[in-house]
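Report on the structure
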Amino acid sequence: MNIPFNQSFPATRLRRLRQAGWIRALTAENTLTPSDLIWSMVVHDGNEPKIPVEAMPGMNRLNVAEAAAAAKRASQLGIPAIAIFPHINPAVKDEEGSESLNPDGLVPTAIKAMKDAAPDVGIICDVALDPFTSHGHDGLIDETGYVLNDETSAVLIEQALVQAEAGADVVAPSDMMDGRIGAIRAALEDAGHINTLILSYAAKYASGFYGPYREAIGSATALIGDKKTYQQNPANTDEALREVAMDIEEGADMVMVKPGLPYLDIVRRVSETFKIPTYAFQVSGEYAMIQAAAQNGWIDGERVMMETLLSFKRAGASGIITYFAETAAQKLA
Ligand code: PBG
């Protein structure tokens, strides 16, 4: 950086700008508002109210009626959108994840209930098979357990159509199959869903930070092996740009980087390179770390929550998908 003016002491005392709240507020380069937040929410197909997720202290699985009520609260709090993730009865899981295509399944039911309760809140649906497969992978597998690309895409197209049909505003493929964005876009156009948005999990890494989520949606016990043959290697950055470039070319309206905090460098590179709405996913393991340390009294949980959310804005994110959305929006109100 070339700084063309005098920065020498004592003419410049940078602490002058930090001496009181009013001047810190006036000179803040980035801000966090409720409209930056996408509320990550897990819904289940039973009737029980709020089922706590052990690995995510403070986080509950909601039944459909609770999810609809939460959508109303999102609207009141100024949270623009909710991303829903399903926890389904293990008895309906199979090798092909066929429950993902049930038009009367949990996801379509939740979408309708939430849109009825809060039509002004955007509903974002994950497109991937892992909540529905007995093996816990995001796609169809062959006899060796390898996740098949094109065969999986064919199912994801149908899943996205079911979601769009039920009223989802945004479909968000999180599966990392090659070519699925273009295939889903084409199918949506053909079916007349020309305004259904696609938020692509474009740069998604094979991460240990998803651990608690697998408990949340009930795929933890199921997962055979890992997802390293389809999700990205944490060692790579240039590859993330190639992933994003392809998804934009194929018709993604918005892109995501996931996980969030350990990948702020990717958020920065993607947002600067492509100038497309770019979201960061503060995933379950990031949430769990903050909550666990806070519960032990080791950190001030709310302060760290707000600091991490702001860090995504600083890195260039247009918004953040987070399990903290409601708490953070309440604090910002
Ligand atoms: C899978 C999916 C995952 C998450 C969202 N969609 C997990 C995975 O890829 O294994 C993770 C969310 C989180 O950890 O909060 N389609």
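Here is a short report on the structure shown in this document.

Calculation notes
- Residues numbered from 1 in each chain as written.
- Predicted model: local features only at pLDDT ≥ 70, side-chain atom pairs only at ≥ 80, totals over all residues.
- Heavy atoms only, no water.
- Core = buried A, V, L, I, M, F, W, Y, C linked by side-chain atoms within 4.5 Å.
- Buried < 20%, exposed > 50% of the residue type's maximum accessible area, 1.4 Å probe, protein only.
- Contact = heavy atoms within 4.5 Å.
- Pairing = 2+ DSSP bridges.
- Helix = DSSP H or I, 4+ residues; strand = E, 2+ residues; numbered from the N terminus.
- Axes fitted to C-alpha atoms, helices over the stretch in contact; angles between N-to-C directions.
- 1 Å grid on protein atoms, 1.4 Å probe; cavity = no way out; pocket = protein on both sides within 12 Å on 5 of 7 lines; lining within 4 Å.
- Points joined across faces, edges and corners; volume = space filled by probe spheres on them.
- Nonpolar A, V, L, I, M, F, W, Y, C, P; charged D, E, K, R; others polar.
- Polar contact = N/O pair within 3.5 Å; in protein donor to acceptor, adjacent residues only side chain to side chain.
- Near = heavy atom within 4 Å.
- Areas by Shrake-Rupley, 256 points an atom, 1.4 Å probe, with all protein chains shown as cover.
- Sits in = over half its atoms within 2 Å of the grid points.

A closer look at the nonpolar core
By size, the foremost hydrophobic cluster in this structure holds 100 residues, and its most contacted members are Ile 82, Ile 84, Met 114, Ile 184 and Leu 199. In contact with Leu 199, other than residues within four places in its own chain, are Ile 124, Val 170, Val 171, Ala 172, Pro 173, Met 254, Val 255, Met 256, Tyr 279 and Ile 321.

Some words on the sheet that holds strand 4 (residues 81-87)
Read once around its circumference, the closed barrel built from eight strands follows the order 1-4-5-6-7-8-9-10, with strand pairing classed as parallel. Between one strand and the next, the sheet's axes are offset by a mean angle of 30 degrees, whatever the strand orientation. Taken together, the three bridges between strand 1 (residues 37-44) and strand 10 (residues 319-322) define a ladder with parallel strand orientation. Paired with Ile 38 across the two strands is Ile 321, which belongs to strand 10. Packed on one face of the sheet, helix 4 (residues 149-166) meets strand 5 (122-127) and strand 6 (170-173) and runs near 160 degrees to strand 5.

Observations concerning the layout of surface pockets
For the largest pocket, the calculated volume is near 340 Å³. What lines the largest pocket is a set of 18 residues, and nearest its centre among them are Gly 58, Met 59, Tyr 323, Glu 326 and Thr 327. Of all elements in the fold, only strand 1, helix 9 (284-295), helix 10 (301-314) and helix 11 (325-332) reach the threshold of two or more residues within the lining of the largest pocket. Looking at the lining of the largest pocket residue by residue, the classes come out as eight nonpolar, six polar and four charged. Within this model, the second largest pocket holds a volume of roughly 270 Å³. Forming the boundary of the second largest pocket are 15 residues, of which Met 176, Asp 178, Thr 229, Tyr 230 and Glu 243 lie nearest the centre. Looking at the lining of the second largest pocket element by element, the count peaks at four residues for helix 7 (residues 238-250).

Quick notes on the environment of Asp 94
Note that Asp 94 resides in the loop between strand 4 and helix 3 (106-117). Here Asp 94 falls in the partly exposed class, since its relative accessible area comes to 24%. The contact partners of Asp 94, leaving out residues within four places of it in the chain, are Phe 132, Thr 133 and Ser 134. Of the polar contacts made by the side chain of Asp 94, one reaches the backbone nitrogen of Gly 97; its length is 2.6 Å.

Digging into empty space enclosed by the protein
By the definition in use, this model includes four cavities of 30 Å³ or more. If you add up the space inside the largest cavity, you get close to 80 Å³. In this structure, the largest cavity is lined by Asp 126, Asp 130, Asp 138, Ser 174, Lys 204, Tyr 210, Tyr 213, Arg 214, Lys 227, Gln 231 and Lys 258. Considered class by class, the residues forming the lining of the largest cavity number two nonpolar, two polar and seven charged. Taken together, Ile 88, Glu 99, Ser 100, Asn 102, Gly 105, Leu 106, Val 107, Pro 108, Phe 132, Gln 159, Val 162 and Gln 163 form the lining of the second largest cavity. Looking at the lining of the second largest cavity, the elements with two or more residues in it are helix 3 and helix 4. Looking at the lining of the second largest cavity residue by residue, the classes come out as six nonpolar, five polar and one charged.

As for the site of the ligand
Taken together, 18 residues lie around the ligand, and Ser 174, Lys 204, Arg 214, Lys 258 and Tyr 323 are the ones closest in. The separation between a nitrogen atom of the ligand and a polar side-chain atom of Asp 126 is 3.2 Å. Here Asp 138 contributes a side-chain N or O atom positioned 3.0 Å from a nitrogen atom of the ligand. Contact with the protein chains hides 100% of the accessible area of the ligand, taken as 400 Å² for the molecule alone. The pocket occupied by the ligand, as judged from atoms lying within 2 Å of grid points, is the largest cavity.

Just geometry here; none of it tells us what the structure is for.
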